[in-house]
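Observations on chain architecture
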Amino acid sequence: MGNAFNLGRVFGIQFRLHYTWFIIFILITTSLSWQLFPGSYPGRPLLLYWGIGIVTSLLFFVSVLAHELAHSLVGRAHGIPIRSITLFIFGGIAEMTKEATRPGAEFKMAVAGPACSLVIGGLFALLYWFTRSTIEPIAAMAYWLAYINVALAVFNLIPGFPLDGGRVFRSILWRVSDNYRRSSRIATRVGQGVGYLFILGGIVIIFVLHDWFSGLWLVFIGWFLENAASVSYRQVQWRETLHGFTVSQAMTSDCPVISPSATVNQVVQEYAFATEHRCFLVAEEGRLMGILTLHNIKTVSQPDWGVTQVKEIMTPVDKLKVAYPDQDALSILEQMNESNVNQMPVVSEGRVIGLIARDNLIRLLRIRSRSGV
Ligand SMILES: [Zn+2]
């Protein structure tokens, strides 16, 4: 998900705010400060409504973060690394670098989020209880936050993948059938069905109740869910496809070897325009020093090509992850996602025998899906 601000790291997880989040922040703050709070507790100064509205929205935002953090920490405890958490218009997304390998881990990770929201909802309900006849503005805030956190838990427990409930549903199918692929197919299909139901519900609300705002909102959520479910389904198919290949079947073995002291100009003139090489092994006397990609070359402006040496812009060997020829192609894709790299040198008996790039893996998927396997 692009166009997001980095908020910082907590527990080693990057927190990000997508720009669409501001839309929801403004919508919630406005409807609370303009309608809900003045309606339930009339006769207070305008500034108080807005102050409480903003604080409530921010606490809602913290509640969603806590929900995602609960998923992430439980996931990590079960060996599923989480790279980032992004908040956007429909809530939060925790970016996993790989899927659970056991149904039990998936179940616990999926349940953790709604459980956290229920606990937070319960705490705000308690706060409401203690403040309802004494500090009304706090009570108003606590009431809404209790309601929204419980609603968040209930919504997420709808059994359509990729909602938490869909993951719970898949983990149960998976445990019962011991068939990951079939369970994923069923759970993602149900997810698409849930998406269509939301869209249908939204259209009914628009035309029968003439409530354009709620109707459109529901249509958008439905559209988002349907889309996410289809993407997940495709990812499951990719995983299955890649699982059948080894690195040696997917790698490129004719990578040009260049010298670390060559200039960018020399490399560009010799290779880049003439052939389709997108990546070079940098070696001196047979020893790998690093790799150079077109991406590295693009970091240098053209007038400096003649004076910049390969070793200044290459990715050095100590920052490279290496792959081995008999490794599973899927595990390589997961490693690439985890460490955010696009290619890895393939090493056999201490010697570089080729290079595996994200492009190779994607090409493999295309060929495989075209032949209909
Ligand atoms: Zn969740």
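Further up the page is the structure itself.
Residues numbered from 1 in each chain as written. Predicted model: local features only at pLDDT ≥ 70, side-chain atom pairs only at ≥ 80, totals over all residues. Heavy atoms only, no water.

1. So, the environment of Asn3
Structurally, the position occupied by Asn3 is in the segment before β1 (4-10). Considering only alpha carbons, one finds Asn3 and Thr20, 17 residues apart in sequence, at a separation of 9.0 Å. Beyond its immediate sequence surroundings of up to four residues, Asn3 is in contact with Leu17, His18 and Tyr19. (Helix = DSSP H or I, 4+ residues; strand = E, 2+ residues; numbered from the N terminus. Contact = heavy atoms within 4.5 Å.)

2. Re helix α3 (residues 103-131)
Taking 1.5 Å of rise per residue, 29 residues should cover 42 Å, and α3 covers 43 Å from first to last C-alpha, within 8% of that figure. Ala112 marks where α3 bends most, by close to 30°; the proline Pro114 follows one to four residues later. (Expected span 1.5 Å × (residues − 1). Bend = angle between axes of the 7 residues up to and from the residue.)

3. Comments concerning a nonpolar patch on the surface
Side chains of Leu197, Leu200, Ile203, Val204, Phe207, Val208 and Leu209 sit close together on the surface and give an oily, nonpolar patch of about 740 Å² of accessible area. Mapped onto the fold, Leu197 is located in helix α6 (residues 180-208). (Patch = residues over 30% accessible without salt bridge, like charges linked within 9 Å, V, L, I, M, F, W, Y side chains within 5 Å. Areas by Shrake-Rupley, 256 points an atom, 1.4 Å probe, with all protein chains shown as cover. Salt bridge = Lys/Arg side-chain N within 4 Å of Asp/Glu carboxyl O.)

4. Focus on the environment of Met96
Here Met96 lies in strand β4 (residues 91-96). Under the relative-accessibility criterion, Met96 is labelled partly exposed at 22%. As for Met96 and Met314, which are separated by 218 residues in sequence, their C-alpha atoms are 28 Å apart. Not counting the four nearest positions on each side in its chain, Met96 is found in contact with Ile80, Pro81, Ile82, Met109 and Arg167. (Buried < 20%, exposed > 50% of the residue type's maximum accessible area, 1.4 Å probe, protein only.)

5. So, the pattern of salt bridges
Under the definition given, this model contains two salt bridges. For Glu106, the salt bridge identified is with Arg167, shortest N-O distance 3.0 Å. Separated by 61 residues along the polypeptide, Glu106 in helix α3 and Arg167 in helix α5 (residues 164-177) bring together distant segments of the chain. Glu106 is the salt-bridge partner of Arg170, the closest N and O atoms lying 2.8 Å from each other. On the criterion of sequence distance, the pair formed by Arg170 in helix α5 and Glu106 in helix α3 is long-range, its members being 64 residues apart. For Arg170, a relative accessible area of 1% puts it in the buried group. The network of salt bridges with common partners includes Glu106, Arg167 and Arg170.

6. Let's talk about the sheet that holds β1
Taken together, four strands build an open sheet; the order of strands is β1-β2-β3-β4 and the sheet is mixed. The sheet terminates laterally at β1 and β4, the two strands that pair on one side only. Each strand of the sheet is rotated relative to its neighbour by a mean of 20°, with strand direction disregarded. Sheet topology places β1 next to strand β2 (residues 13-18); six bridges connect them, and they run antiparallel. (Pairing = 2+ DSSP bridges. Axes fitted to C-alpha atoms, helices over the stretch in contact; angles between N-to-C directions.)

7. Focus: unusual backbone geometry
Each neighbour pair has its own omega, and for Phe161 with Pro162 the value is 5°, a cis peptide bond. With respect to the helices, strands and loops of the structure, Pro162 is situated in the loop between α4 (136-156) and α5. Even without being glycine, Phe11 reaches a positive phi, approximately 55°. Among the secondary structure elements, Phe11 is positioned in the loop between β1 and β2.

8. Here's the deal with the side chain of Glu68
Relative to the assigned elements, Glu68 resides in helix α2 (residues 46-77). With no salt bridge to any partner, buried Glu68 finds its closest opposite charge in Arg167, at an N-O distance of 8.8 Å. Those residues in contact with Glu68, other than ones at most four positions away along the chain, are Ile85, Gly92, Ile93 and Ala94. (Lys, Arg positive; Asp, Glu negative; His and termini not counted.)

9. Considerations on the coordination of the zinc ion
Here the zinc ion is held by His67 (NE2), His71 (NE2), Asp164 (OD) and Asp164 (OD), and the distances to it run 2.0 to 2.6 Å. Here the donor residues of the zinc ion are spaced in sequence according to H-x3-H-x92-D. Taken as a pair, His71 in helix α2 and Asp164 in helix α5 lie far apart in primary sequence, 93 residues in all. By the burial criterion, His71 is buried, and Asp164 matches it. (Donors = N, O, S within 2.8 Å, 3.2 Å for Na, K, Ca; no water.)

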